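What the coordinates show
Residues per chain, in single letters:
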Amino acid sequence: LTGGRDGKVCLWDLMKGRLAFVYKIPSRSKVRKETVNDIVWCDDGTRYAFCYGSKITARDVASGEDLLDVEMPSRVNQIAFIGGPEGLFLAAGCDDGGLPVLEVGQLEEEEDANTRRAIMAIEPVDRVVAGDDRLKCIRSVEGGSGFLVVTANSGGIVSLMDLEGAARMMLSDIDEDESTSNNNKSSESEGDSSDSDIDSDDEVEVAVEILDSVRLGSG
């Protein structure tokens, strides 16, 4: 897969040495075409994702269906697939310093078409973005929990992060939604829903754990 300043995502057949498929990104400007900032495959090759401007799109290879098509608050510089058998996620390095983690997968039939599960593992800055704040690069790292990424910002700081906490929060939300629905049905018949309430203060979950950081030179 390739993408660039021509506003196209191209799939190349390297066995036959030819262009297999071209997708033209709808341009939001009459003056210039969209630039593909990054494009990545998931490990098993069943899905791919690309980002342009502030948008992130993920697709199923077999069906061509969009599994994710979302607008972020700021420019998305790079993306990386993380996760494993329990669920597939996309982590994104953004120009405002934010690091969102988004679930990638088929929507359940009972879910609304606009439903998207996401957690901001690192919140964007709420001031003018300085050089040190911009997340310019993000790449997944093999091994560990399957949720390790390396990031680099404009200040020259390279960090190794574990995003398993963010994924666990989304996975647990799915389980809690199902159990809460079942508990609410039974509690309505009993006239008391206090036993089904979930106390969010019992455990403090951390969306991201920064394992190590190093500044390269003067940045």
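Above this note sits the structure.
Since we're looking at a predicted model, the values are computed, not measured. Just so you know, the residues in each chain are numbered from 1, in the order the chain's sequence is written. Given that this is a predicted model, residues contribute local features only at a pLDDT of at least 70 and side-chain atom pairs are listed and counted only at 80 or more, while totals for whole chains, interfaces and linings are drawn from all residues. Based on all heavy atoms of the structure, the side-chain values leave hydrogens and waters out of the count.

As for the packing of aromatic side chains
A ring pair, where both rings are aromatic, is described by two values, the distance of the centres and the angle of the planes. Heads up, the condition is: Pairing of aromatic rings covers Phe, Tyr and Trp, the last counted by its six-membered ring, and requires centre-to-centre distances within 6.5 Å; plane angles under 30 degrees mean stacked, over 60 mean edge-to-face, and any other angle means tilted. Only protein chains enter the area calculation, which uses a 1.4 Å probe; residues under 20% of their type maximum are buried, those over 50% are exposed, and those in between are partly exposed. Helix and strand assignments follow DSSP, with helices taken as H or I runs no shorter than four residues and strands as E runs no shorter than two, numbered in order from the N terminus. Over a ring means this: the NZ of a Lys or the CZ of an Arg is within 6 Å of the ring centre and within 35 degrees of the ring normal.
Summed over all chains, the structure comprises five aromatic pairs. Consider the rings of Tyr 48 and Phe 50, whose centres lie 6.4 Å apart with planes at 25 degrees: the pair is stacked. Phe 50 carries the same exposure label as Tyr 48, and that label is buried. A ring pair is formed by Phe 89 and Phe 147, whose centres lie 6.1 Å apart and whose planes are at 55 degrees; its orientation type is tilted. Taken together, the residues span a long stretch of sequence, with Phe 89 in strand S9 (residues 87-94) and Phe 147 in the loop between strand S12 (135-140) and strand S13 (148-153) at a distance of 58 residues. One aromatic cluster in this structure is built from Tyr 23, Trp 41, Tyr 48, Phe 50 and Tyr 52. Above the plane of the ring of Tyr 23 lies Arg 59, whose end atom (NZ or CZ) is 3.9 Å from the centre.

A closer look at the side chain of Asn 153
Note the cut-off: N or O atoms closer than or at 3.5 Å make up a polar contact, with two conditions inside protein: a donor-capable atom paired with an acceptor-capable one, and, for residues adjacent in sequence, both atoms drawn from side chains.
By the element assignment, Asn 153 lies in strand S13. Asn 153 sits in the buried class, given a relative accessible area of 16%. Within the structure, Asn 153 has its side chain in polar contact with the backbone nitrogen of Gly 155 (distance 3.0 Å). In terms of polar contacts, Asn 153 uses its side chain to reach the backbone amide nitrogen of Ile 157, at 3.0 Å.

Quick word on the pairing of strand S2 (residues 8-13)
Applied cut-off: For two strands to count as paired, DSSP must find a minimum of two bridges between them.
Across two bridges, strand S1 (residues 2-3) lies against S2 in antiparallel orientation. Its bridge partner being in S2, Thr 2 is matched across the sheet by Cys 10. In sequence, S1 turns back onto S2 through a hairpin of four residues, with Gly 7 there showing a positive phi of about 70 degrees. Bridge count for S2 against strand S3 (residues 18-24) is six bridges, and the pairing is antiparallel. Bridge pairing in S3 links Val 9 to Tyr 23. With antiparallel pairing between neighbouring strands as the criterion, S2 and S3 make up a hairpin whose turn holds four residues, including Gly 17 at a positive phi of roughly 65 degrees.

Digging into the layout of surface pockets
Worth spelling out the cut-off: A cavity here means a set of points on a 1 Å grid, drawn over the protein atoms and nothing else, where a 1.4 Å probe fits but cannot get out; a pocket is an open set with protein on both sides within 12 Å along at least five of seven lines, and a residue lines either one if it has an atom within 4 Å of a point. Grid points are joined across faces, edges and corners, and a volume is the space filled by probe spheres set on the points.
One number sums up the size of the largest pocket: a volume of about 420 Å³. Lining the largest pocket are 23 residues; nearest its centre among them are Asp 43, Phe 81, Ile 82, Gly 83 and Leu 88. Mapped onto the lining of the largest pocket, the elements with two or more residues apiece are strand S4 (36-41), strand S8 (76-84), S9 and S12. Looking at the lining of the largest pocket element by element, the count peaks at six residues for S8.

What about a nonpolar patch on the surface?
Here is the rule we go by: Residues forming no salt bridge and having over 30% relative accessible area are the ones grouped into patches, like charges within 9 Å of each other and nonpolar side chains (Val, Leu, Ile, Met, Phe, Trp, Tyr) within 5 Å. Reported accessibility uses the Shrake-Rupley method at a 1.4 Å probe radius. Residues are deemed covered only where the shown protein chains occlude them. For this analysis, a salt bridge means a side-chain nitrogen from Lys or Arg found within 4 Å of a carboxyl oxygen belonging to Asp or Glu.
Side chains of Trp 12, Leu 14, Leu 19 and Val 22 sit close together on the surface and give an oily, nonpolar patch of about 410 Å² of accessible area. For Leu 14, the location among the structural elements is in the loop between S2 and S3. Judged by its relative accessible area of 77%, Leu 14 is exposed.

Remarks on the nonpolar core
The condition is simple: Nonpolar cores are built from buried Ala, Val, Leu, Ile, Met, Phe, Trp, Tyr and Cys residues. Side-chain atoms within 4.5 Å join them into one set. Note on contacts: a residue pair qualifies if any of its non-hydrogen atoms lie within 4.5 Å across the two residues.
By size, the foremost hydrophobic cluster in this structure holds 21 residues, and its most contacted members are Ile 82, Phe 89, Ala 91, Leu 99, Val 101, Ala 121 and Leu 163. A per-element tally of this core places helix H1 (residues 164-190) first, with five residues. Every residue in contact with Ala 91, bar those within four places of it in the chain, is listed here: Gln 78, Ile 79, Ala 80, Ile 82, Leu 99, Pro 100, Val 101, Ile 138 and Leu 163. Ala 58, Met 72, Leu 88 and Leu 90 belong to the second largest nonpolar core, which has 19 residues in total.

Any functional reading would require information that these geometric values do not contain.
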